[in-house]
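The chain contents come next:
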Amino acid sequence: MPLLERLQASKHVDQIFISHGSNLYIEQKIEGLVESLPIDFLKNHWQKNNQLIFVGAIGAVVRLISPFVRSKENDPAVIVIDSKAKNVIPLLGGHKQGGESFGNELAAALEAELISTSDSFIERRIPLDCFGEGWGWKRGGGDVDWRKLMISQSREQTNIVFQSKGSKLWQKLTGCSNFSFLEKKDSISFDNINLYIGQENFKICSWHPPSIIIGIGCVRNTDLKLIQRAINESLVQNGLSPFSISGLATIDKKNDEAGLLNLSKKNEWPIYFFSALELSEVKVPNPSNIVLNEMGTASVAEAAAILLGEQGGRLIQEKQIYYSNADEFGAVTIALVELTTPFAPHKGELHLIGSGPGDLEMLTSDSRRALTRCAAWIGYTPYLDYLDSIRRTDQVRIDSKLTFEKDRCEYALQLAKEGARVALISSGDSGIYGMAGLALELWLNQKIYSRPLFQVHPGISSFQMAAAKLGAPFMNDFCSISLSDLLTPWNQIERRIKNAALGDFVIAIFNPKSLKRDWQLNKAVDLLLEFRKPSTPVAIARELGRPDESLEIHTLETLPFNKVDMLTILVIGNSQSVIKNNKFLTPRGYFP
């Protein structure tokens, strides 16, 4: 597929512009293509928070954009890709505008190489000025202070970090070796901190996890200006940063309140609505009969904030009423709740990754792209080992033991609810005996407003790779059966084996034998022999895609049970399956 169409299909672009004359080199019309002079395109789209992809030579791009370049605070991210999509180069806005992160995603999707000359990329340091975005945090502090901090980091000077909120998993990364992490009990002066991570509004380099909920009640048609002023005054009074706001909470009768809706949109604060019945069940310090008569609940601001923060919230500002000034209209009530654990499911992402059989070449580009987005990778240790060579310095690895699947899923989901981008990794395809089902069950059990983005990324299953290595065993109807009776009763597994045999399916057997489950495979073979010939071909495929890979072909009658373990996939042919020239074939029926 041509490069422009690939970018469009992968949803990396929402608009494609092409200069007059360049369209001569496009063989077919691309839907949504806009012809424009480069100067006009840049005039209309040169603004911060935009990410511009140029296809062509770096020199030409530099000459095009040079009249527009002003500062790293105001320029967009600029990324250059060569016409063959071999290299992806973040040219401007690598950190502040997300160019390097976006470039990583592009490189993964296009199977290209990312070329970056930034200090953090070359020296494998934590990019302090942008790493928090992967955890769902917002950046605060002045540009001058951030510039000084990044220069200090590049000189390998020790920087003091204090963190009061948010996940501290990142502190264990090797790229943090030059940081000194300050605890409150330490004697070092708080004034000497170089980087602060928390909810308070210090005028230094800061990352702010979403830990403050704002409960709001207001008179009908209260204007945005008054609501914004009330929130600002509440935050200042409590020494809090507006970047720490998790969201707004109020009664559902306000779901058409223009001031609230515009405030939510303007500040990108999600707004959560609760019914009068839900709010009436919350114990609050300041119930009001007036509010009860008007709204059907004795509290809106306090009750809504407390209810949204039910996973661990503390009311730090009881309701305060703010009345309108001369140029404002209405009245608004504000209450604040502080969360122990950040809450930003609207930012969080839970990606279910199928890493394939083991070899990185078997990792799909879709899975690789998702991995580049994620701040945290969670999985069983051997699976993480297979992928570790492509893990960046700023990506946390969280190892888990076998049989701890539920704990693994719950932890991944919790991090995603906090606003983090998380990869939950299985081998093969996560939707085939992997983590996707359990993770989805847990996700569906969450309240709708607590659900982060949930996406399953397909991987290459071991039975698919076994088929490719063996020849063509699955050319007709087939099924897969796991012999593990840890979660599925054996009598049910037994029925499935019998029915598969009766239906003449080719069968892929997963989890055939372990140290504790050493009789099930023998029983399964006995069942199959009731319906199939002893000469039916059986392939033993072990550790596919890994250094100790092995393939052997036997029959139901001669299957060596001692060579089978949990790292093995068995492929059992049907009545038509044959072995010819050491190739496993199940004919489709093209020839008589």
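Below is a summary of the structure that appears in this document. Fair warning: this is a prediction, and the values are worked out from it, not measured in the lab.

### A closer look at the layout of surface pockets
The space that makes up the second largest pocket amounts to roughly 1700 Å³. At the level of secondary structure, the elements contributing two or more residues to the lining of the second largest pocket comprise α13 (381-387), α14 (405-417), β20 (421-426), β23 (478-482), α17 (490-502) and β27 (568-572). Residues belonging to the lining of the second largest pocket are distributed by class as follows: 24 nonpolar, 16 polar and 10 charged.

### Here we look at unusual backbone geometry
Phi at R124 takes a positive value of approximately 55 degrees, unusual for a residue other than glycine. Structurally, the position occupied by R124 is in the loop between α5 (119-123) and β7 (138-140). For R124, a relative accessible area of 53% translates into the label exposed. Positive phi, normally seen in glycine, also occurs at E156, with a value near 60 degrees.

### Considerations on the sheet that holds strand β25 (residues 537-542)
Taken together, the five strands give an open sheet; going across it, the order is β23-β24-β27-β25-β26, and neighbouring strands pair in mixed fashion. Of all strands in the sheet, those with a lone pairing partner are β23 and β26 (550-555), marking the two edges. The mean angle between the axes of side-by-side strands here comes to 20 degrees, regardless of whether they run parallel or antiparallel. Both β25 and β26 contribute to a ladder of six bridges, which runs antiparallel. Note that in β26 the partner of V538 across the bridge is H554.

The rules behind each value
Residues numbered from 1 in each chain as written. Predicted model: local features only at pLDDT ≥ 70, side-chain atom pairs only at ≥ 80, totals over all residues. Heavy atoms only, no water. 1 Å grid on protein atoms, 1.4 Å probe; cavity = no way out; pocket = protein on both sides within 12 Å on 5 of 7 lines; lining within 4 Å. Points joined across faces, edges and corners; volume = space filled by probe spheres on them. Helix = DSSP H or I, 4+ residues; strand = E, 2+ residues; numbered from the N terminus. Nonpolar A, V, L, I, M, F, W, Y, C, P; charged D, E, K, R; others polar. Buried < 20%, exposed > 50% of the residue type's maximum accessible area, 1.4 Å probe, protein only. Pairing = 2+ DSSP bridges. Axes fitted to C-alpha atoms, helices over the stretch in contact; angles between N-to-C directions.

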